[in-house]
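Architecture and fold: a report
The primary structure of each chain is shown beneath.
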Amino acid sequence: MGLNLVLFIGAIQSIPPQLYEAASLDGASRWQQFRFVIAPSIKPIISLSAILAISGALSVFEIPFIMTGGSNNSETFVIQTIKLAFNFNKVGLASAAAVVLLAIVLLVTWLQRLLVPDERVEQS
């Protein structure tokens with residue numbers, strides 16, 4: 001949450017104030033300023049935030065492991081991989097599982113970049 005907040009605040013602060021002034025002179029409401037000035041300007045940050053959120057959700061480890069140790073059906077893919085490597089001494093299988101997780105994250109990232117192409121926005 002903190003990283004997303006910093007990213008979005010930085011992106012919004014990087015928008016030139018002349019764009020807001022021009023929009024208000026044209027009679028744009030606050031919603032229209034958000035829709036036609038802010039949202040297109042921060043579209044790359046929205047895409048980055050979505051990619052980071054999905055890859056983070058796929059590879060979550062700390063919170064479920066610390067809270068439950070993977071019991072009570074809170075065992076994630078990464079917790080299963082750790083247990084394979086260190087509890088059952090199947091390091092090769094755990095390495096293969098880590099490579100599969102990497103492939104899944106790369107595939108999801110590629111699909112997101114394909115579905116939401118990166119457009120260059122001129123802020124002048």
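Quick summary incoming for the structure in this document. Computed from a predicted structure; not experimentally measured.

Criteria and thresholds
- Residues numbered from 1 in each chain as written.
- Predicted model: local features only at pLDDT ≥ 70, side-chain atom pairs only at ≥ 80, totals over all residues.
- Heavy atoms only, no water.
- Helix = DSSP H or I, 4+ residues; strand = E, 2+ residues; numbered from the N terminus.
- Buried < 20%, exposed > 50% of the residue type's maximum accessible area, 1.4 Å probe, protein only.
- Salt bridge = Lys/Arg side-chain N within 4 Å of Asp/Glu carboxyl O.
- Phe/Tyr/Trp six-rings, centres within 6.5 Å; stacked < 30°, edge-to-face > 60°.
- Axes fitted to C-alpha atoms, helices over the stretch in contact; angles between N-to-C directions.
- Parallel < 35°, antiparallel > 145°, perpendicular 65-115°, else oblique.
- Left-handed = near helix turned anticlockwise from the far one by under 90°.
- Contact = heavy atoms within 4.5 Å.
- Nonpolar A, V, L, I, M, F, W, Y, C, P; charged D, E, K, R; others polar.
- Patch = residues over 30% accessible without salt bridge, like charges linked within 9 Å, V, L, I, M, F, W, Y side chains within 5 Å.
- Areas by Shrake-Rupley, 256 points an atom, 1.4 Å probe, with all protein chains shown as cover.
- Expected span 1.5 Å × (residues − 1).

Inspection of the secondary structure puts Q112 in helix α7 (residues 91-115). Residue Q112 is classed as buried on the basis of its relative accessible area, which comes to 17%.

With that out of the way, let us pick up the environment of V99. As for its position among the elements, V99 is in helix α7. For V99, a relative accessible area of 54% gives the class exposed.

On inspection of all chains with the given rule, the structure shows one salt bridge. The salt bridge involving K83 is made with E75; its shortest N-O contact spans 2.9 Å. Residue classification places K83 among the partly exposed residues on the basis of a relative accessible area of 23%. Look at E75 and you get partly exposed, because its relative accessible area is 31%.

Turning our eyes to something else, we now look at the packing of aromatic side chains. Within a pair of aromatic rings, the relevant descriptors are the distance that separates the centres and the angle that separates the planes. Inspection of the entire model under this criterion finds two aromatic pairs. Relative to F65, the ring of F61 lies with its centre 5.0 Å away and its plane at 20°, an arrangement referred to as stacked. When its relative accessible area of 34% is taken as the criterion, F65 is described as partly exposed.

Inspection of the secondary structure puts A53 in helix α4 (residues 43-58). Considering only alpha carbons, one finds A53 and V100, 47 residues apart in sequence, at a separation of 19 Å.

Turning our eyes to something else, we now look at the packing of helix α6 (residues 77-86) against α7. Running from amino to carboxyl end, α6 crosses α7 at an angle of 160°, the nearest separation of the two axes being 7 Å. Relative to α7, the element α6 lies roughly antiparallel. Between α6 and α7 lies a crossing whose hand is left-handed. Counting all contacts with α6, which are made through F77, V78, T81, L84 and A85, the residues of α7 involved are V91, L93, A94, A97, A98, V100 and L101. A class-by-class count of the residues in the contact of α6 with α7 yields eleven nonpolar, one polar and no charged.

Our next topic: a nonpolar patch on the surface. A cluster of nonpolar residues, I54, L58, F77, V100 and I104, forms a patch on the protein surface that exposes about 360 Å² of accessible area. Among the secondary structure elements, those contributing two or more residues to the nonpolar patch are α4 and α7. Note that V100 resides in helix α7.

Turning to α4, a few remarks are in order. An ideal rise of 1.5 Å per residue puts 22 Å on 16 residues; α4 measures up with 23 Å between its terminal C-alpha atoms. All buried positions along α4 are accounted for by S47, S49, I51 and S55. Buried residues in α4 make contact with α1 (2-13) and α7.

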